[in-house]
Amino acid sequence: MEFFEAVQKRRSVRKYSDKPVPEQVMNKALDAALLAPNSSNAQTWQFHWVRTPALKKKMVDACLGQGAAATAQELLVVSIKPNLWKKTTQEILNSKQPEGLEKQMQQYYGKLIPFMYGMQILAPLKWIIFNGMGLFKATPRKPWSLRDRTETCVKSAALGCENFMLAIAAQGFDTCPMEGFDESRVKSILNLGWGDTVVMVISVGERVDRGVWGPRHRGPRDWFVFEV
Ligand SMILES: Cc1cc2nc3c(=O)[nH]c(=O)nc-3n(C[C@H](O)[C@H](O)[C@H](O)COP(=O)(O)O)c2cc1C
């Protein structure tokens with residue numbers, strides 16, 4: 001399916017048919033999710049494909065029983081694990097570096113990223129350093145706190161979600177992104193750590209007639225798009 005066709009076709013579906021979603025459709029979409037751009041390539045995201053029937057049942061309850069979850073053929077939970085940066089940056093440092101950029105890569109992944117993502121105890125000091133330098137020149141001021149770090153990771157994970165949903169649409173199936181869920185319950189069902197955040201639950205299946213609530217609605221373009 002052509003890209004713009006997939007963008008148009010993707011709608012949030014609240015009721016799915018009984019048609020199973022082939023495993024290769026899910027895997028292709030998961031691979032597309034992992035190709036999403038992400039901050040510093042730190043890949044602090046996790047994609048949990050909930051396949052165990054008992055867990056799926058619990059997930060429907062944690063998603064407040066909404067139709068988009070209850071009738072779904074497949075459920076995907078997207079979460080962030082900020083501390084993954086340690087593993088992913090080490091893997092980047094251990095892999096072959098782009099020619100001529102070896103020193104910059106060492107500096108970036110060996111020093112800057114550990115300072116930005118780690119050393120949370122130094123958060124107030126980071127704030128002073130970034131904002132002090134910012135008085136004199138353009139300076140990246142975030143992430144200095146745990147909250148900033150979460151925000152950075154959530155942005156990247158959300159891009160993974162969109163890649164996943166468009167890849168599902170391109171293969172003729174449907175999705176619904178959900179934030180209507182009980183995060184504590186979802187974390188406990190999936191055994192997620194205290195530092196993890198659940199970004200979205202995405203249901204997958206084939207839409208039935210009236211599975212989409214109505215025609216697509218958006219406000220006027222000039223409320224949201226600016227040429228400056
Ligand atoms: C972060 C996020 C959370 C959402 N949560 C829910 C949800 O819990 N339940 C639901 O039915 N739809 C949910 N939606 C779907 C939106 O309602 C939907 O995207 C919006 O109404 C636009 O419709 P469209 O996706 O068909 O273009 C969510 C969408 C996003 C991006």
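In case you missed it, the structure is sitting above this.
Note that the structure is a prediction, hence the values are computed from the model and not measured.

Re the packing of helix α2 (residues 23-33) against helix α8 (residues 146-170)
Point 1. Packing of α2 against α8 leaves a shortest axis separation of 7 Å and a crossing angle of 145 degrees. For the element pair α2 and α8, the recorded crossing hand is right-handed. Counted together, V25, M26, A29, L30, A32 and A33 of α2 and G160, N163, F164, A167 and I168 of α8 form the full contact between these two elements.
Point 2. Of the residues that constitute the contact of α2 with α8, the class distribution is 9 nonpolar, 2 polar and no charged.

Some words on the site of the ligand
Point 1. R10, R11, S12, R14, Q66, C176, P177, M178, E179, G180, R216 and R218 make up every residue found near the ligand.
Point 2. At 3.0 Å, a side-chain N or O of R218 approaches an oxygen atom of the ligand.
Point 3. Relative to its unbound accessible surface of 620 Å², the ligand loses 69% to contact with the protein.
Point 4. Here the shell around the ligand is built from residues that sort into 3 nonpolar, 3 polar and 6 charged.

Notes on the sheet that holds strand β2 (residues 74-80)
In sheet architecture, strand pairing relies on hydrogen bonds along the backbone and comes in two forms, parallel and antiparallel.
Point 1. The sheet built from 4 strands is open, its strands ordered β1-β2-β4-β3 with antiparallel pairing. Unpaired on one side and paired on the other, β1 (45-50) and β3 (174-178) mark the two borders of the sheet. Across the sheet, the axes of successive neighbouring strands diverge by a mean angle of 20 degrees, strand direction being ignored.
Point 2. Where β2 meets strand β4 (residues 197-205), 7 bridges bridge the pair, whose relative direction is antiparallel. Its bridge partner lying in β4, S79 is registered against V198.

A look at unusual backbone geometry
Point 1. Here the amide bond leading from K142 into P143 is cis, since omega sits at -5 degrees, within 30 degrees of zero.
Point 2. Take P143: it is sitting in the loop between α7 (123-134) and α8.
Point 3. Its identity as a non-glycine residue notwithstanding, N41 has a phi of 55 degrees, on the positive side.
Point 4. The topology assignment puts N41 in the loop between α2 and β1.
Point 5. Positive phi, close to 60 degrees, is recorded for N191, a residue that is not glycine.
Point 6. By secondary structure assignment, the location of N191 is in the loop between α9 (183-189) and β4.
Point 7. N191 gets classed as exposed once you look at its relative accessible area, which sits at 71%.

Procedures and definitions
- Residues numbered from 1 in each chain as written.
- Predicted model: local features only at pLDDT ≥ 70, side-chain atom pairs only at ≥ 80, totals over all residues.
- Heavy atoms only, no water.
- Axes fitted to C-alpha atoms, helices over the stretch in contact; angles between N-to-C directions.
- Helix = DSSP H or I, 4+ residues; strand = E, 2+ residues; numbered from the N terminus.
- Left-handed = near helix turned anticlockwise from the far one by under 90°.
- Contact = heavy atoms within 4.5 Å.
- Nonpolar A, V, L, I, M, F, W, Y, C, P; charged D, E, K, R; others polar.
- Near = heavy atom within 4 Å.
- Polar contact = N/O pair within 3.5 Å; in protein donor to acceptor, adjacent residues only side chain to side chain.
- Areas by Shrake-Rupley, 256 points an atom, 1.4 Å probe, with all protein chains shown as cover.
- Pairing = 2+ DSSP bridges.
- Buried < 20%, exposed > 50% of the residue type's maximum accessible area, 1.4 Å probe, protein only.

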